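A closer look at the structure
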Amino acid sequence: MSRSDSTTFLVPHPPSVDKSVTHAAESGQSCAACFPLTVGDGDCVDRDTLLSSQNGGCTICSFFITAITTAVGSTALWKHASTWIDKGILGLTIAKTEPYDSSCVAVLAINGESGPSPFAWIPTLAKSPYSRTFARDLCMIEEWIQECQQNHPHCQQLSTPTLPTRVIDVGGGGRDPCLVHSQGRAGQYLALSHRWGDPTSHVTKLVTMKENISQHYLGIPLANIPATFRDAIIVARHLRIPYVWIDSLCIVQDDRED
Ligand SMILES: [Zn+2]
Ligand SMILES: [Zn+2]
């Protein structure tokens with residue numbers, strides 16, 4: 001087994017600690033037996049030493065034994081353990097018989113987003129595999145929509161409702177968004193609910209007026225669109241929803257009738 005096929009054993013939260021065991025628990029500090037494993041310089045620790053220290057109440061010895069047992073299934077399958085630190089992870093290596101016959105069985109890292117850890121010796125991944133990314137957020141939105149459509153009678157909507165009078169065609173594939181008149185057609189759209197901001201602010205707002213509506217029908221360059229609107233358009237594109245409704249763009253702001 002090499003480093004690359006080792007098991008990733010992430011620690012989303014500090015392992016639970018038996019409150020009756022005070023040794024090492026509050027401080028998150030190692031005992032003499034497990035100390036070498038918290039340093040990560042490859043020094044071997046005997047399994048039997050770890051086991052007896054675990055029985056003596058060291059939660060960190062117990063933690064290492066749990067991690068190894070989770071990876072290999074039994075304490076009978078190894079004799080020595082050691083660790084290495086590299087690129088923000090702590091690798092846990094076991095040897096079956098002799099120290100040179102070793103394989104990495106687990107990679108330890110604290111999920112940096114779950115808060116501070118008492119185990120300062122486990123590297124913290126600021127950008128953990130649990131981190132938010134655009135792709136993860138999109139998956140979550142898709143799951144929420146699916147959940148609402150399938151299981152929430154109050155949320156369920158027609159898959160293609162009648163469009164509002166005007167919507168923004170989100171464009172994509174090199175095509176800028178543009179305002180379109182729906183002519184009563186049906187289609188999928190996202191409605192953006194947003195704060196209008198301070199009415200006295202001098203920041204230019206993107207709104208549709210009588211004077212620019214024909215321009216907006218031709219196209220609104222993505223680069224000219226404020227970030228909140230742009231995010232809504234980009235999310236819609238990724239969700240393969242062709243339209244968004246944004247009040248300030250889809251309602252002509254200086255037309256009382258509209
Ligand atoms: Zn210990
Ligand atoms: Zn719902």
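Described below are features of the structure shown in this document. (Residues numbered from 1 in each chain as written. Chains lettered and ligands numbered in written order. Predicted model: local features only at pLDDT ≥ 70, side-chain atom pairs only at ≥ 80, totals over all residues.)

Before going further, it helps to examine the overall build of the protein. When you go through the protein residue by residue, the secondary structure sums to seven helices and eleven strands. When burial is assessed residue by residue, the protein has 27% of its 258 residues classed as buried. A sequence separation of at least 24 residues applies to 59% of the contacts in the protein between residues at least 6 apart. (Helix = DSSP H or I, 4+ residues; strand = E, 2+ residues; numbered from the N terminus. Buried ≥ 20, exposed ≤ 12 C-beta atoms within 10 Å, placed from the backbone. Contact = placed C-beta atoms within 7 Å.)

So, about unusual backbone geometry. Here Gln-183, not a glycine, exhibits a phi torsion of approximately 50°, which is positive. Within the element layout of this structure, Gln-183 appears in the loop between β9 (178-181) and β10 (189-192). Residue classification places Gln-183 among the exposed residues on the basis of 7 C-beta atoms within 10 Å. In this model, Arg-240 sits at a positive phi of 55°, which is unusual for a non-glycine residue. Considering the arrangement of structural elements, one finds Arg-240 in the loop between α6 (227-238) and β11 (243-246). The exposure class of Arg-240 is exposed, given the 10 C-beta atoms found within 10 Å.

Among all positions of helix α2 (residues 47-55), only Arg-47, Leu-50, Ser-53 and Gln-54 are buried. What you see down the axis of α2 is that its buried residues fit within an arc of 135°, all on one side. In this structure, α2 carries Asp-48 and Asn-55 as exposed residues pointing more than 90 degrees from its buried face. Elements in contact with the buried residues of α2: β2 (45-46), α3 (59-72) and β3 (80-86). (Arc of directions from axis to C-beta.)

Ranked by internal contacts, the top residues of the largest apolar core, which has 30 residues, are Cys-34, Phe-64, Ile-68, Ala-81, Leu-92 and Leu-108. It is α3 that provides the largest number of residues to this core, a total of eight residues. Among residues more than four places away in sequence, those in contact with Cys-34 are Val-45, Leu-50, Ser-53, Cys-58, Ile-60, Cys-61 and Phe-64. With 20 residues, the next largest nonpolar core counts Leu-179, Ile-220, Ala-236 and Cys-250 among its residues. (Core = buried A, V, L, I, M, F, W, Y, C linked by C-beta atoms within 7 Å.)

Moving on, we get to the sheet that holds β9. The sheet built from four strands is open, its strands ordered β9-β8-β11-β10 with mixed pairing. Whereas interior strands pair on both sides, the edge strands pair on one side only; in this sheet they are β9 and β10. The average undirected angle you get between the axes of adjacent strands in this sheet is 40°. Pairing analysis gives four bridges linking strand β8 (residues 166-169) to β9, with the strands arranged antiparallel. If you follow Asp-169 over to β9, its bridge partner there is Cys-178. Docked against the sheet, α6 engages β8, β10 and β11, running at close to 155° with respect to β11. (Pairing = 2+ DSSP bridges. Axes fitted to C-alpha atoms, helices over the stretch in contact; angles between N-to-C directions.)

Turning to the pairing of β8, a few remarks are in order. A regular strand places its side chains on the two faces of the sheet in alternate fashion. Alternating positions in β8 separate into two faces, Arg-166 and Ile-168 on one and Val-167 and Asp-169 on the other, with burial throughout. Two elements, β8 and β11, share two bridges in a ladder whose sense is antiparallel. Each residue of the ladder has a partner; that of Asp-169, found in β11, is Tyr-243.

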